[in-house]
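Chain residues, written in single-letter form:
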Amino acid sequence: MPGLQGLPRPVAVVVGAGGVLGAAHVGAGYALERQRFVPDMIIGTSVGALDGAIAAAHPEKAAPWLDHMWTRLRRREVYPLGHPSSRAGICTDRGLRRLIARSGLPSRIEERAVPFTAVAMELVTGAPALPDHGDPESVLLASAAMPGILPLVKRGGRTLVDGGVIAYVPVLAALQAGAAGVVVLSIGPESPPLPAAVPRRRAGAGRPRRRAGAIAARAALPLMHHRIERDLREVSRQIPTVVLPSGIEAWPAPWDFGRSQRLISTASHTAERFLDESRINGPGPYRPDDPPAAAASAGPGEASTFSAPGVVL
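All figures in this text were calculated on a predicted structure; none of them were measured in a lab. The residue numbering used here restarts from 1 in each chain and proceeds along that chain's sequence as written. Per-residue local features of the predicted model are confined to residues with pLDDT of at least 70, and side-chain atom pairs are confined, for both listing and counting, to 80 or more; whole-chain, interface and lining totals are unaffected and use all residues. To obtain the side-chain values, all non-hydrogen atoms of the structure were included, while hydrogens and water were left out.

Draft legend 1. Layout of the overall build of the protein. Working definition: helices are DSSP H or I runs of at least four residues, strands are E runs of at least two. Numbering for both runs from the N terminus. If you tally the helices and strands in the protein, you get 10 helices and 9 strands. Relative accessible area decides the class of each residue, using a 1.4 Å probe on protein chains only: under 20% of the type maximum gives buried, over 50% gives exposed, and in between gives partly exposed. In the protein, which comprises 313 residues, the share counted as buried stands at 53%. Should any heavy atoms of two residues lie within 4.5 Å, those residues are counted as being in contact. By sequence separation, contacts in the protein at least 24 residues apart represent 74% of the contacts at least 6 residues apart. Under the convention used here, a 1.4 Å probe and the Shrake-Rupley method define accessible areas, while residue burial counts only the protein chains that appear. For the protein, the computed accessible surface area is about 14,400 Å², with 55% contributed by carbon and sulfur atoms.

Draft legend 2. Fine view of the pattern of salt bridges. By definition here, a salt bridge exists when the distance from a side-chain nitrogen of Lys or Arg to a carboxyl oxygen of Asp or Glu is within 4 Å. Within the structure shown, the criterion is met by 8 salt bridges. Across the salt bridge formed by Glu 272 and Arg 34, the nearest N and O atoms sit 3.1 Å from each other. Of this pair, Glu 272 sits in helix α9 (residues 260-277) while Arg 34 sits in helix α1 (residues 21-34), and the two are 238 residues apart along the sequence. With a relative accessible area of 25%, Glu 272 lands in the partly exposed category.

Draft legend 3. Helix α6 (residues 136-143), seen in detail. Within α6, 7 of the 8 residues are buried, which leaves the element mostly enclosed by the surrounding structure. Of all the residues in α6, the buried ones are Pro 136, Ser 138, Val 139, Leu 140, Leu 141, Ala 142 and Ser 143. Contact partners of the buried residues in α6: β2 (41-45), α2 (47-57), α5 (94-101), β3 (116-122), β5 (153-155) and β6 (158-162).

Draft legend 4. Representation of the packing of α5 against α6 in the model. Only the stretch in contact is used when fitting a helix axis, every axis being a line fitted to C-alpha atoms; angles between N-to-C directions are given from 0 to 180 degrees. For the pair α5 and α6, the least separation of the axes is 10 Å and the interaxial angle reads 135 degrees. With respect to their mutual orientation, α5 and α6 come out oblique. In this structure, the crossing between α5 and α6 has a hand that is right-handed. Contacts between α5 and α6 involve Leu 96, Arg 97 and Ile 100 from the former and Glu 137, Leu 140 and Leu 141 from the latter. Angle categories: roughly parallel below 35 degrees, roughly antiparallel above 145, roughly perpendicular from 65 to 115, and oblique for all the rest. With the far helix as reference, a near helix turned anticlockwise by less than a right angle produces a left-handed crossing, and one turned clockwise produces a right-handed crossing.

Draft legend 5. A look at the nonpolar core. Counting 88 residues, the largest nonpolar core has Leu 32, Trp 70, Phe 116, Val 182, Val 183, Val 242 and Leu 244 as the members making the most contacts within it. Val 242 has contacts with Leu 4, Leu 7, Val 182, Val 183, Val 184, Phe 274, Ile 280 and Tyr 286, leaving out every residue within four places of it along the chain. Joining through side-chain atoms within 4.5 Å is the link that ties buried Ala, Val, Leu, Ile, Met, Phe, Trp, Tyr and Cys residues into a set, and such a set is a nonpolar core.

Draft legend 6. Region of interest: the pairing of β6. Of all 5 residues that make up β6, 4 are buried, and the element is covered over most of its length. Strand pairing is assigned whenever DSSP detects at least two bridges linking the two strands. In this sheet, β6 lies alongside β3 in antiparallel orientation, the contact comprising 3 bridges. By the bridge assignment, Ala 120 is partnered in β6 with Asp 162. By the bridge criterion, 3 bridges tie β5 to β6 in an arrangement that is antiparallel. The residue of β6 that forms the bridge with Lys 154 is Thr 159. The antiparallel pairing of β5 with β6 creates a hairpin that spans 2 residues between the two strands, and Gly 156 there sits at a positive phi of about 60 degrees.

Draft legend 7. Highlighting the pairing of strand β7 (residues 181-184). Going residue by residue along β7, you find Gly 181 and Val 183 tucked away on one face and Val 182 and Val 184 tucked away on the opposite face as well. In the sheet, β7 pairs with strand β8 (residues 240-243) via 3 bridges, with the strands oriented parallel. Looking at β8, one finds that Val 182 is bridged to Thr 241.

Draft legend 8. Fine view of the side chain of Thr 159. Residue position: Thr 159 is located in strand β6. Here a polar contact is recorded for every N or O atom pair within 3.5 Å, except that within protein the pair must consist of a potential hydrogen donor and a potential acceptor, and residues adjacent in sequence are included only if both atoms are side-chain atoms. There is a polar contact of 2.7 Å between the side chain of Thr 159 and the side chain of Lys 154. Setting aside its immediate chain neighbours within four residues, Thr 159 contacts Met 121, Glu 122, Leu 123, Leu 152, Val 153 and Lys 154.

Draft legend 9. Spatial organisation of the packing of aromatic side chains. Between rings of Phe, Tyr and Trp, where Trp is taken as its six-membered ring, a pair exists when centres lie within 6.5 Å; planes separated by under 30 degrees are stacked, by over 60 edge-to-face, and by other angles tilted. Summed over the entire model, instances satisfying the criterion amount to 1 aromatic pair. Ring plane angle 40 degrees and centroid distance 5.8 Å describe the contact between Trp 70 and Phe 257, whose orientation is recorded as tilted. Remark: Phe 257 occurs in the loop between β8 and α9 and Trp 70 occurs in helix α3 (residues 62-70); sequence separation between them is 187 residues. The two residues Trp 70 and Phe 257 agree in class, both being buried.

Draft legend 10. Expanded view of α2. Taking burial as the measure, the 11 residues of α2 include 10 buried ones, the bulk of the element. Buried within α2 are the following residues: Val 47, Gly 48, Ala 49, Leu 50, Asp 51, Gly 52, Ala 53, Ile 54, Ala 56 and Ala 57.

Draft legend 11. The confidence of the model for the protein, seen in detail. pLDDT gives the predictor's per-residue confidence on a scale running from 0 to 100. The pLDDT averaged across the protein works out to 80; a share of 77% of its residues lies at or above 70. Ignoring residues within four places in sequence, the model shows residues 190-201, a span with pLDDT below 50, making 22 contacts including any to other chains. Note on residues 291-313: pLDDT is under 50 here. Beyond four places in sequence and across chains, it has 67 contacts.

Draft legend 12. Structural context of the side chain of Glu 122. Inspection of the secondary structure puts Glu 122 in strand β3. The exposure class assigned to Glu 122 is buried, which follows from its relative accessible area of 17%. Setting aside chain neighbours within four positions, we find Glu 122 in contact with Ala 127, Arg 158, Thr 159 and Leu 160.

Draft legend 13. The environment of Thr 266, seen in detail. Positionally, Thr 266 belongs in helix α9. Beyond its immediate sequence surroundings of up to four residues, Thr 266 is in contact with Ser 246, Gly 247 and Ile 248.

See the structure below:
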C-alpha cells in the first residue's frame with residue numbers, strides 16, 4: 001500500500017536525539033502532515049522529546065509552530081553558560097526552561113492529544129526511565145540533561161540524565177509500548193571524517209595534532225552506531241520500521257542553530273519523496289538504502305541489512 005497507509009496500528013513515531021538535528025525532525029513532520037498522518041503514540045529522546053511533546057499536543061499542525069521556533073533559536077538562548085563554580089554542568093537550563101514555557105504545552109504531560117513518552121536514563125542504575133506523566137518541564141529537562149553539559153534532574157526520587165545515552169533512537173521503547181508499526185524521524189547521515197586541527201609544528205614534529213574533543217567524539221561514534229543499528233534490527237524483525245531520510249549529507253555542530261531553515265526544508269522535501277514512493281508490506285526495515293522488495297519480503301527473523309546511521313554528538 002502507498003505511503004504509510006500499509007502500517008498496522010497502533011503506530012508510534014519515534015523522535016531521536018541530536019541537538020540541531022531537531023530541525024530536521026520538523027522537516028519530516030511537514031512530510032507526515034501532508035500525508036494527513038497522525039500516530040497513535042509519540043516517543044522522544046532529548047531534543048526529540050521536546051519536538052515530540054509539541055507534536056503530541058498539536059497533531060496535524062505542529063510543524064509550522066516548530067518551524068517558527070527552530071528558525072529563531074540561537075545557541076546562547078538554548079545553552080547559556082553556567083557559573084564557573086557550578087558542578088552541575090557547563091551550561092544552565094534557564095534557556096530550556098524558557099523554551100518549554102513558551103511551547104504552549106498542557107500543564108501535565110499526559111494531557112496530550114496523542115499519548116507521549118519521553119526517554120531519560122536513571123544515573124545510578126543506568127536503566128531507562130520513561131516519564132509519561134506530570135509537569136512537562138521536569139520531564140523534558142530530564143530527557144535533555146546531557147551529562148556534564150546541563151544540570152541533572154531529580155524526579156520521583158531518582159536522578160535522571162539525557163535519554164540519548166542509552167536510547168539515541170528509542171525504537172525499543174516504542175515496541176515495548178505495544179506499537180505494531182514504527183516511523184523513525186531522520187537520524188542523520190554517516191559521520192564525516194575526523195577533522196584535523198590547525199597544525200602546530202615543533203622541531204621533529206611530522207604531523208598536525210588533533211583536538212582532544214574531536215578525537216573523543218569520533219571514537220564514540222562506532223559504539224553509538226552499533227547501538228542504534230542493533231535496536232533498529234531488533235524492532236524491524238518484528239514490526240515494519242520506517243526510517244525517514246533527511247537528505248542532509250553533512251550535519252552542522254549540534255549547537256549551530258543558524259542552519260535550521262536549511263535542515264527543515266531539505267528534510268521536508270526528501271522525506272516527502274520517500275513517503276510517496278514507499279510501499280509497506282509486513283515486518284522489515286523501510287529506508288532509502290534498503291530495496292523495497294527486500295524490505296517487503298523480509299520475514300520476522302530476516303530483516304534486511306541496515307547501513308550504520310550517522311550520529312550527532
